[in-house]
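Observations on the three-dimensional arrangement
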Amino acid sequence: MDSVNDIFRQAHQGSVAAIIQVLNDKLADSGIRTRAIFANGILQLLCEAPTAEQLEQTMLTDRVQKILDAIEPRSVRRVNINSRIVREQQLLWLEEINRDPDGQVLWSKEIVLERKNPLKRFLTDWREDRLDSLDRPKTVSPSLIREKHQFTKGIVGGLGLSAALLLAGWGIYTWQNGRSTIAPTSLQSASAVKPEPDNFATAVRLAERASEIGRTAQTPAQWKNLADTWGKASALMGTVPASDKRYAIALDRTALYRRYQEAALEKVK
């Protein structure tokens, strides 16, 4: 449930990859799979199924509308639904549809997502941002460490001035030794709290970059660059540990990005 909630929250924040994940989960019982690209302020959505009956316009449009209204992605207002019989993987499916809409799709329909009350939407977004901030690893501020050191020095110095001459030398000696042993430990603690790199998020960013490259790739060198980018994204997804709540998603995307890489390499040939 934590994984499902996390994906839904990412979809609400506008992640296209997360929106696709939610749609595929909700439409799996109908044998429909989706792909999406955000272009020119419109979420271009492709719905594919083995038969035209599964893509009946009224039924599918209504289901997609309800799912996206529930997600309410921040950056998405207009959605263009395209449907076609499932075919082999195509990286540039949107360009193919734009070039020959009648020959590529069964039908297309643009919908507009509903918007909640502005106050309710603000409270929802605030709660999502609050959850994200609580999930982020906390780091120790270097300025806070310096202030603590300065405060400790002030206390030791005050005690030294108020002590008798006989104890002053001993106090200074103790303070110097304490400083030499505490400072490395504090610095070591500060360095130990550095957050681990998020390979899942890095892989998603690489995948989004690869999608951008794929829209304009024409030469063998450009297709090779596209293949390398998909390969890096797949490799990073493959490093997500089994203890991560996004592990199941990472496994699926590792294989998906590898297929995209292979498709781009075919273009190179």
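As shown above, the structure is provided for reference.
Below is a summary of the structure that appears in this document.

Basis of the calculations
- Residues numbered from 1 in each chain as written.
- Predicted model: local features only at pLDDT ≥ 70, side-chain atom pairs only at ≥ 80, totals over all residues.
- Heavy atoms only, no water.
- Helix = DSSP H or I, 4+ residues; strand = E, 2+ residues; numbered from the N terminus.
- Expected span 1.5 Å × (residues − 1).
- Buried < 20%, exposed > 50% of the residue type's maximum accessible area, 1.4 Å probe, protein only.
- Phe/Tyr/Trp six-rings, centres within 6.5 Å; stacked < 30°, edge-to-face > 60°.
- Pairing = 2+ DSSP bridges.
- Axes fitted to C-alpha atoms, helices over the stretch in contact; angles between N-to-C directions.
- Contact = heavy atoms within 4.5 Å.

In a regular helix each residue adds 1.5 Å, so twelve residues correspond to 16 Å; helix α2 (residues 16-27) covers 16 Å between its end C-alpha atoms and thus fits that length. Along α2, the residues that are buried comprise A18, I19, I20, V22, L23 and L27.

As a further point, take the packing of aromatic side chains. Evaluated as defined, the whole model comprises two aromatic pairs. Ring centres of W230 and Y257 lie 5.3 Å apart, and the angle between their planes is 40°; on these two criteria the pair is classed as tilted. Of this pair, W230 sits in helix α10 (residues 220-237) while Y257 sits in helix α11 (residues 247-268), and the two are 27 residues apart along the sequence. Side by side, W230 and Y257 carry an identical accessibility label, which is buried.

This part takes up the sheet that holds strand β1 (residues 33-39). What the four strands build is an open sheet, ordered β1-β2-β3-β4; its pairing is mixed. Whereas interior strands pair on both sides, the edge strands pair on one side only; in this sheet they are β1 and β4 (107-112). Recorded for the sheet is a direction-independent mean angle of 20° between the axes of neighbouring strands. In terms of strand pairing, strand β2 (residues 42-49) meets strand β3 (residues 78-85) through eight bridges, oriented parallel. Each residue of the ladder has a partner; that of C47, found in β3, is S83. Contacting β1 and β2, α2 runs over the sheet at an angle of about 155° to β1.

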